[in-house]
Amino acid sequence: MPEEAAVQKINVRCCIAGGGPAGMVLAYLLARAGVEVLVLEKHADFLRDFRGDTIHPSTLEVMYELGLLEEFLKLPHDELRELSAEINGLQFTVGDFTHVPGHCKFIALMPQWDFLNFMADRAKRYPEFNLRMQSEVTGLILEGDRVIGVRAKTQLGPVEIRAELVIGADGRRSVVREKAELEVETFGSPIDALWMRISRHASDPPQTFGHIDSGRVLVMIQRNEYWQCAFVIPKGGFDAIREKGLQAFRDDIVRLQPFLRGRENELKSWDNIKLLTVVIDRLKKWYRPGLLCIGDAAHAMSPIGGVGINLAIQDAVAAANILAPAFQRGTTPGTIPVMDALSEAISPAEGALPAAIAMGLIPALEGVPSPLFNPLLAGSAYVVPSRGPKLSRAFLRSRFDASDASVQGRAGNTPAPSIITDSQSQEPAYSSVTEDDLAAVQRRREFPTRMMQRIQLAIQNRVISRVLSANKQIEVPLVVKLLRRFPILRRIPAYIVGIGFRPEHVETQDATAQEK
């Protein structure tokens, strides 16, 4: 019988499950405010297609407030200043972003992995930030009703992370919210979407738009060299479409957009077409003692308007504004001190660290014997003696930080950094972050979430479902006629989509700048 892997134990002030937009932005903001944070991301990289790739003006304003906007916009992106649609051949503008408040009057179309890599790379500049790729949360650690940490599986074996606060930012299929037994309200959705890529030619229309015809809806997002397409179908209708055959599906694409003729054959198999099961739901209560859910883990959104990623980021900003001051109140007496972290880029199992020290590549720490890195001791918490040289966390991380490869989405076999606490105790720290603080985050973000979900449900139930059930050309709705006749009305949907009902602004300070 093979021996079970020893469980590594880690202490940290805040543990975030999920390295998506909500988790990464919150981690950046907390680390920037001086709160030690560890992000657990189950994948080896951020490269996943057909995710939310729209960065709305509200998020771009946050980037401006953080001093990151100019650098961010140097990344390859497209700028969408209008949302257009077509009904029965009648083209019209749905939203005009050129009048929204803020520094950027457009939606930036950018692959989500570029956004996440950018945020992770900037967060690395703060010594309080740690990112572990290929680390999947599998359960929660409880003490009574309080969540005091998480269990995770990593490429180096099982890990237990004790934390003052756990954040569930692990998406609509959140393990954290499931294990926390938080009650979910599901509102249903009459639609699903089939996502695919089709090449784009220079002669194609320049704008992103939706095409609505009898029984069919096709949304095309301009991505420079290709169209990212969403073919909207009735809920559970994918099997019926497959039964008709791939060629029939290709023909439907061409009927909706004749200029794509000849390119439909790029869809060589059903493997080129991804099903997105549309879900709209919301937690009744986003928190319990020691735990808070944000983003899709707290409220799954429909892809209508592409607002999910931006609501998640707004959640993160609001959470940071409320939680960072709460963390700075300190922990209760007798609890774990703030972690003095050591990031190790070489796997203990490789036995290479002592050799690296001997070669002078890594400084030896007085009082820390080489058996510390022996795989037999990897699961135990080693107490770093207080005597001997005290090296700053920034220095330690700069010398051997495995997150470089992970941040760029190319982790390979490079292990994620391990963390060793200088605490004398493995007991959880009871943070000054209270249930009232967690409730304040929900109160702040529940109103805009409810409003946006109501709009999405109305569009799905009253417009899209009727279109999909129609067997003849639909009548042009009154609202479309008004948008065509009165251009000023186009600012309303642009504001709702681009800014939202309660835009958040950065209120936390950069602790590093304050120290200078």
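Note that the coordinates shown come from a computational prediction; the quantities given were computed from them, not determined experimentally. Along every chain, residues carry numbers that run from 1 in the direction the sequence is written. Given that the model is predicted, a residue must reach a pLDDT of at least 70 before its local features are reported, and side-chain atom pairs must reach 80 or more before they are shown or counted; all residues, however, enter totals for whole chains, interfaces and linings. Computation of side-chain values covers all heavy atoms of the structure but excludes hydrogens and water.

### Here's the deal with the environment of G500
Moving on, step 1. Per the convention used, a helix needs a DSSP run of H or I reaching at least four residues, while a strand needs a run of E reaching at least two, with both numbered from the N terminus. Inspection of the secondary structure assignment puts G500 in the loop between α14 (491–498) and α15 (511–515).
Moving on, step 2. Separated by 443 residues in sequence, G500 and P57 place their C-alpha atoms 9.6 Å apart.

### Considering the confidence of the model for the chain
Moving on, step 1. For the chain, the average pLDDT comes to 79, and 77% of its residues sit at 70 or higher.
Moving on, step 2. Think of pLDDT as the predictor's per-residue confidence, scored from 0 to 100. Contact between two residues is taken to exist if any of their heavy atoms lie within 4.5 Å; hydrogens are not considered. Across residues 332–429, where pLDDT falls below 50, the model places 179 contacts with residues more than four positions away in sequence or in other chains.

### A look at the packing of aromatic side chains
Moving on, step 1. Here a Phe, Tyr or Trp ring, Trp counted by its six-membered ring, pairs with any other such ring whose centre lies within 6.5 Å, and the pair is stacked when the planes are under 30 degrees apart, edge-to-face when over 60, and tilted otherwise. One pass over the structure, following the stated rule, counts 8 aromatic pairs.
Moving on, step 2. Taken together, a centroid distance of 5.9 Å and an interplanar angle of 85 degrees make the contact between F72 and F115 edge-to-face. Placement of F72 in helix α3 (residues 69–72) and of F115 in helix α4 (residues 112–123) is noted, with a sequence separation of 43 residues between them.
Moving on, step 3. The class for F72 is buried, based on a relative accessible area of 0%.
Moving on, step 4. Throughout this description, buried means an accessible area under 20% of the type-specific maximum (1.4 Å probe, protein chains only), exposed means over 50%, and partly exposed covers the range between. Judged by relative accessible area, which is 1%, F115 ranks as buried.
Moving on, step 5. Relative to F118, the ring of F72 lies with its centre 5.2 Å away and its plane at 70 degrees, an arrangement referred to as edge-to-face. Pair noted here: F72 is in helix α3 and F118 is in helix α4, with a separation of 46 residues, a long-range link. The pair F72 / F118 is uniform in exposure class, with both members buried.
Moving on, step 6. Through a chain of ring-to-ring contacts, the aromatic side chains of F231, F238, F249 and W270 assemble into a single cluster.
Moving on, step 7. In this scheme, Lys NZ or Arg CZ marks a charge over a ring once it lies within 6 Å of the ring centre and within 35 degrees of the ring normal. Its end group placed over the ring of Y226, R197 keeps NZ or CZ at 4.1 Å from the ring centre.

### Things to note about helix α2 (residues 57–65)
Quick reminder: α-helices carry 3.6 residues per turn. Residues three or four places apart thus point the same way.
Moving on, step 1. Of all 9 residues making up α2, 7 are buried, and the element is well covered by its neighbours.
Moving on, step 2. Buried within α2 are the following residues: P57, S58, T59, L60, E61, V62 and M63.
Moving on, step 3. Of the surrounding elements, those touching the buried residues of α2 are β3 (54–55), α3, β7 (107–109), α4, α8 (308–328) and α14.
Moving on, step 4. Taken from the residues just after α2, G67 is the one with a positive phi, measuring 75 degrees.

### So, a nonpolar patch on the surface
Moving on, step 1. Side chains of L478, L482, F486 and I488 sit close together on the surface and give an oily, nonpolar patch of about 390 Å² of accessible area.
Moving on, step 2. Here F486 is to be found in the loop between α13 (478–485) and α14.
Moving on, step 3. In this structure F486 comes out as partly exposed when scored by relative accessible area, which is 39%. Patches here are clusters of residues that have more than 30% relative accessible area and form no salt bridge, with a 9 Å joining cutoff for like charges and a 5 Å cutoff for nonpolar side chains (Val, Leu, Ile, Met, Phe, Trp, Tyr). Here the Shrake-Rupley method, with its probe set to 1.4 Å, supplies the accessible areas, and only the displayed protein chains count as covering residues. What makes a salt bridge here is a side-chain nitrogen of Lys or Arg within 4 Å of a carboxyl oxygen of Asp or Glu, nothing more.

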